[in-house]
Amino acid sequence: MSGFFENIARRALFAMDGEQAHGLSIAALKTGVLSSPAPLDPALQQCVAGLKFTNPLGMAAGFDKNAEVPDALLKLGFGFAEVGTITPRAQAGNPKPRIFRLVEDRAVINRLGFNNEGHEAAYKRLSQRNSCTTCGIVGVNIGANKDSEDRVADYVAGIHRFYSVAKYFTANISSPNTPGLRDLQAKDSLHILLEKVLEARDQEAEKCTLKRPVFLKIAPDLTEEGLDDIAEVALAHPLDGLIIANTTLSRTDLVNQVEAKEAGGLSGAPIFERSTIVLAKMRQHIGKTMPLIGVGGVDSGATALTKIKAGADLVQLYTGMIYRGPTVPKEIVKELSALVKQAGVANISELRDLETAVWAAKDIPA
């Protein structure tokens, strides 16, 4: 099926504008015809931040911005799905065109700008999920409106609005497409953000006795000093984990030099090395206890396992499915099962950190 997609179906989708093709993908998932769950393998199951994952592969935020198909994504074989980024008020995002495929590089540049329908539309959908499917892990990625006068308050509002329907939260402060958003990664600003967001989480937890995990999603364009600052702040608060990393502004070693000139964040295969180096360095900065989720260039069982060996507890993908099609989650999960068996360990978690030192020793690409 993957070969069929790459040879035939992808040609048809790639003949369309990127957003049109994405809309068609969402529509297809809504029909349920793409359901192809991955087999359950105890060797891939693990508990991270108090949540039980059937496998370590998740759909990253950005695909299901408006929480339209989280359960359909889980049925493709993902162990978890993250919806969003969702802002308090609906916003159109940046002017079109704003998605550019770099086919030769198996990459995408986007400058969408948190286009979404807002809290209320997403909350309504999540609250209406079929009761028999709500056991699946669906996280909510929260952000701030572009014209917000108080961005920290926007994140706090996201915690309060989605607490009853999210299994975990991700505070996205690393998109390059909202001016000034990455400034929240600065030490002093991050202290304030985490203090307010985690305070909101604790307020909600007192009402229902369920303490939802909160993750922080950071950029892959940070310096060593920036990583150290984030680690220091993260460890000073009861944060549940970090997601590493968002899209990059770097354009290093791309074959396609036409679309490479477009503004926006780059994702896909070219970001694999950079994001894995940053992941490993953060694992060394943060220590062995805090969960890390590795994102960037995952498109196979081998790349997923490399992230885990570099220090990730879980991994996510998005662009990999654009290029390999809807069967890729199931295929990656099968590949991971085979690789774990080949390694001779009882659980994939035993392979975490085996190559952290090797990856962390590398310089972050320019």
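Residues numbered from 1 in each chain as written. Predicted model: local features only at pLDDT ≥ 70, side-chain atom pairs only at ≥ 80, totals over all residues. Heavy atoms only, no water.

J.: I'd like to hear about helix H6 (residues 187–208), residue by residue, with values.
T.: Here H6 is 22 residues long and its end C-alpha atoms lie 32 Å apart, about the 32 Å a rise of 1.5 Å per residue gives. Residues Leu190, Leu193, Leu194, Val197, Leu198, Ala200, Arg201, Glu204 and Ala205 constitute the buried set of H6. Projected down its long axis, H6 carries its buried residues within an arc of 150 degrees, all on one side. For H6, the exposed residues set more than 90 degrees away from the buried face come down to Asp188, Glu206 and Lys207. Count one or two residues on from H6 and you reach threonine 209, which has phi positive near 65 degrees. (Helix = DSSP H or I, 4+ residues; strand = E, 2+ residues; numbered from the N terminus. Expected span 1.5 Å × (residues − 1). Buried < 20%, exposed > 50% of the residue type's maximum accessible area, 1.4 Å probe, protein only. Arc of directions from axis to C-beta.)

J.: Any details on the pattern of salt bridges? Residues and values, ideally.
T.: Close approach of charged atoms allows side chains of opposite charge to pair. The final tally for this structure, using the stated rule, is 21 salt bridges. Between glutamate 331 and arginine 324 there is a salt bridge, with the nearest N and O atoms lying 2.7 Å from each other. Within the structure, one salt-bridge network assembled from shared partners comprises Arg283, Lys288, Asp313, Arg352 and Asp353. (Salt bridge = Lys/Arg side-chain N within 4 Å of Asp/Glu carboxyl O.)

J.: I'd like a rundown of the UniProt feature "binding site: substrate" (unreviewed entry) in the protein, residues and numbers included.
T.: In the numbering used here, UniProt assigns the "binding site: substrate" (unreviewed entry) feature to Lys65, Asn110, Arg111, Leu112, Gly113, Phe114, Asn172, Asn177, Asn246 and Thr247. One can find asparagine 172 in strand E8 (residues 168–172). In this structure asparagine 172 touches Thr85, Phe114, Asn141, Ile142, Tyr155, Leu181, Lys217 and Asn246, once residues within four positions along its chain are discounted. For asparagine 177, the location among the structural elements is in the loop between E8 and H6. We classify asparagine 177 as buried; its relative accessible area is 10%. Not counting residues up to four positions away in its chain, the partners in contact with asparagine 177 are Asn94, Asn110, Arg111, Leu112, Gly113, Gly264 and Gly265. (UniProt positions renumbered as here; feature names shortened; annotations may be inferred. Contact = heavy atoms within 4.5 Å.)

J.: Account for the side chain of lysine 65, naming residues and giving values.
T.: Looking at the element boundaries, lysine 65 is found in the loop between strand E3 (57–59) and helix H3 (70–74). We note that lysine 65 is buried and unpaired, the nearest opposite charge coming from glutamate 19 at a distance of 8.4 Å. Residues within four places of lysine 65 in sequence aside, it is in contact with Gly84, Thr85, Ile86, Leu112, Asn115 and Asn116. (Lys, Arg positive; Asp, Glu negative; His and termini not counted.)

J.: Describe the UniProt feature "active site" (unreviewed entry) in the protein, naming the residues involved and giving the relevant values.
T.: Under the present numbering, the feature "active site" (unreviewed entry) in UniProt falls on Ser175. With respect to the secondary-structure elements, serine 175 resides in the loop between E8 and H6. Residue classification places serine 175 among the buried positions, given a relative accessible area of 7%. The residues contacting serine 175, other than those within four sequence positions of it, are Phe114, Leu181, Arg182 and Asn246. In terms of polar contacts, serine 175 uses its side chain to reach the backbone amide nitrogen of asparagine 177, at 3.2 Å. (Polar contact = N/O pair within 3.5 Å; in protein donor to acceptor, adjacent residues only side chain to side chain.)

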